[in-house]
Structure formats: structure tokens, C-alpha cells
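A structural walkthrough
Next come the chains, spelled out residue by residue.
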Amino acid sequence: IEPDAGGGCYLRAAENSGCGLHRMSFYYNTERTSIMKVILLEDVKSVGKKGDLVELKDGYAKNCILPKKLGVEATDANINTLKLQKKNEEKIAREQLEAAQAFAAEIEQMTVKVEIKGGEGGKTFGSVSSKEIAKAVADQYNREIDKKKIQLNEAIKMAGTHEVTVKLHPKVSAKLRVHVDAK
């Protein structure tokens, strides 16, 4: 191994006609590898999430991230595009939150009536499911609620008025009153 003035070293192998070795040179760079800034287009395990500006080793970025279209080089134009996209996403998220809060205020005022077969003493045959509650809201108030957003701790099996939680947004939930009548 011979040192090189550029911060690396050369490995030289001598020619040996008996073993078939030929003269070869190998250069190993011991200096710090170059770093590239990349904007991620998708979540990459142990690197970052979509939209993150990360610093990666040049080889990893050029050989793995960029060819697989998992990210783009962080040029000024791409950084500006990223900022505009984030502002747009924040605006959309804010609008969705406001719409969910307005709908939650409407739901708080609603009382949905559901009829099921019943017997004596308020006992019912069967139960009221979230699907039936969603259908009743659509029929009585002309508003759509996804049945998956209606959270029932347990099925409603008794006649009377019950409160049901409706999760409209990760930050917004509302209480819907359900009045069950036994026929």
C-alpha cells in the first residue's frame, strides 16, 4: 500500500506469472464523502418521510433514491415547489377541519329516530348497528355519515335515547342522539 498526495492510498499487486496474478491498482478515497440534499417524494425507511429535505451520501442518493423516483435533488426550484405544496396542503387541511367542525355543530343538534322490533319492558329483538344509524341520518336529515365514523362501544339493545360518538376528523368528534323505538 502506497500513500497518495490526494488523501487516499493505492494498493498495488505485483505480477506473478506462476499464479496468474496481474498488475493491478486500486484507489481508496479516505477523505469525507460528498453529501447531497434530496427532497423525498415518498416515505423511505430510516431516511425520512414524504416531503422531507434530507442530506444523504452522494452515492446512496444517485444509485438508490433518485433512480427509483423516491426523491429529487434539492435545487432552488424544487425547494420552492416543496414550500408551495406544503402551504397548499396546510390550507386544505385547515378547510377540512373547519368543515368538520361545522358538520359537528349540526350533528350535535340532531336526534335520529330508529325503530326495531321489541318486546315487553323496553327489550328489543336484535340491536341497532352503525349502518342503520347512518341510513336513518341520510333518510331523516339528507346528510351522509360514513358508518365507519360512527363509534358504538356496544350495540344498542334497549329502547330509549342513546348518545353515539361520531368521529368526523382526527381532531373533531360529535355526539349524536339516537332515539330507539320498539314496535
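Anything mentioned here points back to the structure above.
A short tour of the structure in this document, coming up. (Residues numbered from 1 in each chain as written. Predicted model: local features only at pLDDT ≥ 70, side-chain atom pairs only at ≥ 80, totals over all residues. Heavy atoms only, no water.)

Re the overall build of the protein
In plain terms, the rule: Strands here mean DSSP runs of E at least two residues long; helices mean DSSP runs of H or I at least four residues long; both are numbered from the N terminus. Accessibility here uses a 1.4 Å probe with only protein chains present; expressed as a share of the type maximum, an area under 20% marks a residue as buried, one over 50% as exposed, and anything in between as partly exposed. In this description, contact between two residues means that some pair of their heavy atoms is separated by no more than 4.5 Å. Accessible areas in this description were obtained via Shrake-Rupley with a 1.4 Å probe; residue shielding takes into account the shown protein chains only.
Each helix and strand in the protein was counted, giving three helices and twelve strands. With 183 residues in all, the protein has 26% of them scored as buried. Once local pairs closer than 6 in sequence are excluded, the contacts in the protein between residues at least 24 apart make up 43%. Carbon together with sulfur atoms contributes 50% to the accessible area of the protein, which is approximately 13,200 Å² in total.

Quick word on helix H3 (residues 130-141)
This is how the line gets drawn: To estimate the expected span of a helix, subtract one from its residue number and multiply by 1.5 Å.
Over its twelve residues, H3 runs 16 Å from end to end, which matches the ideal 16 Å to within 8%, given 1.5 Å per residue. By the burial criterion, the buried members of H3 are Ser130, Ile133, Ala134, Ala136, Val137 and Ala138. Within two residues after H3, asparagine 142 carries a phi angle of roughly 55°, on the positive side.

A closer look at the sheet that holds strand S4 (residues 35-40)
Short version of the rule: Whether two strands pair comes down to DSSP finding at least two bridges between them. With axes taken as lines fitted to C-alpha atoms, and helix axes fitted only over the stretch in contact, angles between N-to-C directions fall between 0 and 180 degrees.
Sheet architecture is open: three strands sit in the order S5-S4-S6, paired in antiparallel fashion. Looking at strand neighbours, the two that pair on one side only are strand S5 (53-57) and strand S6 (71-73), the edges of this open sheet. The mean inter-strand angle of the sheet, taken between neighbouring strand axes irrespective of direction, is 45°. Relative to S5, S4 runs antiparallel, the two being bridged by five bridges. The partner of methionine 36 across the bridge, within S5, is leucine 56. Packed on one face of the sheet, helix H1 (residues 58-65) meets S4, S5 and S6 and runs near 105° to S5.

Regarding the pairing of strand S12 (residues 172-182)
In this structure, strand S7 (residues 111-116) lies alongside S12, joined through six bridges in parallel fashion. Residue pairing across strands places valine 112 opposite valine 178, the latter belonging to S12. Remark: two residues form the turn of the hairpin made by strand S11 (residues 160-169) and S12, two consecutive strands paired antiparallel.

Brief notes about the nonpolar core
Cut-off, in case you're wondering: Think of a nonpolar core as a cluster: buried Ala, Val, Leu, Ile, Met, Phe, Trp, Tyr and Cys residues, connected wherever their side-chain atoms sit within 4.5 Å.
Counting 25 residues, the largest nonpolar core has Ile107, Ile133 and Leu176 as its most contacted members. Among the elements of the structure, helix H2 (76-109), S7, H3, S11 and S12 are those that each provide at least two residues to this core. Excluding residues within four positions of it along the chain, isoleucine 133 makes contact with Val112, Val128, Ile150, Leu152, Ile156, Val164, Leu176 and Val178. Judged by nonpolar contacts, the second largest core, of nine residues, contains Met36, Leu40, Val54 and Leu70.

Overview of the pattern of salt bridges
Note the threshold: When a carboxyl oxygen of Asp or Glu is within 4 Å of a side-chain nitrogen of Lys or Arg, the pair counts as a salt bridge.
Under the criterion given, the structure shown has three salt bridges. In this structure, aspartate 58 and lysine 62 form a salt bridge, with 3.5 Å as the shortest nitrogen-oxygen distance. Of this pair, aspartate 58 and lysine 62 both sit in helix H1, four residues apart, which is roughly one turn of the helix. We classify lysine 62 as partly exposed; its relative accessible area is 46%. The salt bridge partner of glutamate 106 is arginine 143, with a shortest N-O separation of 2.8 Å. Within this pair, whereas glutamate 106 is found in helix H2, its partner arginine 143 is found in the loop between H3 and strand S9 (150-151), the two being separated by 37 residues in sequence. Arginine 143 sits in the partly exposed class, given a relative accessible area of 29%.

Focus: unusual backbone geometry
Even without glycine at this site, serine 46 takes up a positive phi of about 65°. Within the secondary structure, serine 46 is located in the loop between S4 and S5. By relative accessible area, serine 46 is classed as exposed at 77%.

Let's talk about the sheet that holds S9
Across the sheet, four strands lie side by side as S7-S12-S11-S9; this open sheet has mixed pairing. Across the chains shown, the open sheet's two edge strands, defined by having one partner strand only, are S7 and S9. Judged from the two bridges that link them, S9 and S11 form a sheet pairing that is antiparallel. Bridge pairing in S11 links isoleucine 150 to valine 166. Sitting on the sheet, H2 touches S7, S11 and S12, and the angle it makes with S12 is about 30°. The strands touched by H3 are S7, S9, S11 and S12; relative to S7, the strand with the most contacts, the crossing angle is about 120°.

Function cannot be inferred from these measures alone, as they are strictly geometric.
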